[in-house]
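One-letter residues, chain by chain:
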Amino acid sequence: MAEVLAKVQAIEGSLDAAGLRLAIVVSRFNSFITERLLEGAVDALVRSGARSEDITVVRCPGAFEIPMVVGQVLSAKSYDAVITLGCLIRGDTVHFDLIAAECTRGVSQMALAFEVPVTFGVLTTDTLEQAINRAGAKAGNKGAEAAMAAVEQVRLYREIAARGAADAQTEAASG
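Residues numbered from 1 in each chain as written. Predicted model: local features only at pLDDT ≥ 70, side-chain atom pairs only at ≥ 80, totals over all residues. Heavy atoms only, no water.

Moving on to the sheet that holds strand β4 (residues 118-125). Within the open sheet, the four strands sit side by side as β2-β1-β3-β4. Their pairing is parallel. Each having just a single partner strand, β2 (55-60) and β4 make up the two edges of the open sheet. Neighbour-to-neighbour, the strand axes of the sheet open up by a mean angle of 15°, direction not taken into account. This element, helix α3 (residues 66-75), spans β1 (22-27), β2, β3 (81-89) and β4 of the sheet and lies at about 170° to β3. (Pairing = 2+ DSSP bridges. Helix = DSSP H or I, 4+ residues; strand = E, 2+ residues; numbered from the N terminus. Axes fitted to C-alpha atoms, helices over the stretch in contact; angles between N-to-C directions. Contact = heavy atoms within 4.5 Å.)

Here it is in structure tokens:
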């Protein structure tokens, strides 16, 4: 199998953020967590080559509003990717389930509608402790992970497009 895999063409994105224009949509609700996610995201982007001037932070009220704000950001056609950050902590009612589902669905719809990478760094946790752990404590920083996924997706999309263009040129030259 290794012999077959060695002959397979692979397309991958890199983690080079240099030259990318990135938007981070962050919820103010549960800001004691989302600010940690934001710090992790910005740090990861800058460490990967992004200039701070190429990063725009857009704050919205809560997780439910994230998809609507992502739509507005993408409508501007100024960004290579959008990173979403938020924090939902389960309570005693179904409110958590409703907001989590709608936020997830909405973010996904925006990414598909605009064909621009949109990553999901919205924590959905059962407890405050779990949220703290995912915002830079025991489980790393999920904001940083969402940021790096955005960079990789942009680079992957570009590599796919370049490969397609190269294949089209080859076909045109041989035909």
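Two elements in contact, α3 and helix α4 (residues 95-114), have axes separated by 8 Å at closest approach and are oriented at 15°. By the criterion of interaxial angle, the relationship of α3 to α4 is roughly parallel. Along this stretch, α3 crosses α4, giving a crossing that reads as right-handed. Where α3 abuts α4, its residues Ile66, Pro67, Val70, Gly71, Leu74 and Ser75 lie against Glu102, Cys103, Gly106, Val107, Met110 and Phe114. Looking at the contact of α3 with α4 residue by residue, the class counts come to eight nonpolar, three polar and one charged. (Parallel < 35°, antiparallel > 145°, perpendicular 65-115°, else oblique. Left-handed = near helix turned anticlockwise from the far one by under 90°. Nonpolar A, V, L, I, M, F, W, Y, C, P; charged D, E, K, R; others polar.)

Within α3, seven of the 10 residues are buried, which leaves the element mostly enclosed by the surrounding structure. Listing the buried residues of α3 in full gives Ile66, Pro67, Val69, Val70, Gly71, Val73 and Leu74. Of the surrounding secondary structure, the elements contacted by the buried residues of α3 are β1, β2, β3, α4 and β4. Once α3 finishes, lysine 77 follows within two positions and takes phi at roughly 55°, a positive value. (Buried < 20%, exposed > 50% of the residue type's maximum accessible area, 1.4 Å probe, protein only.)

Read these as layout, nothing more, since geometry by itself doesn't imply function.
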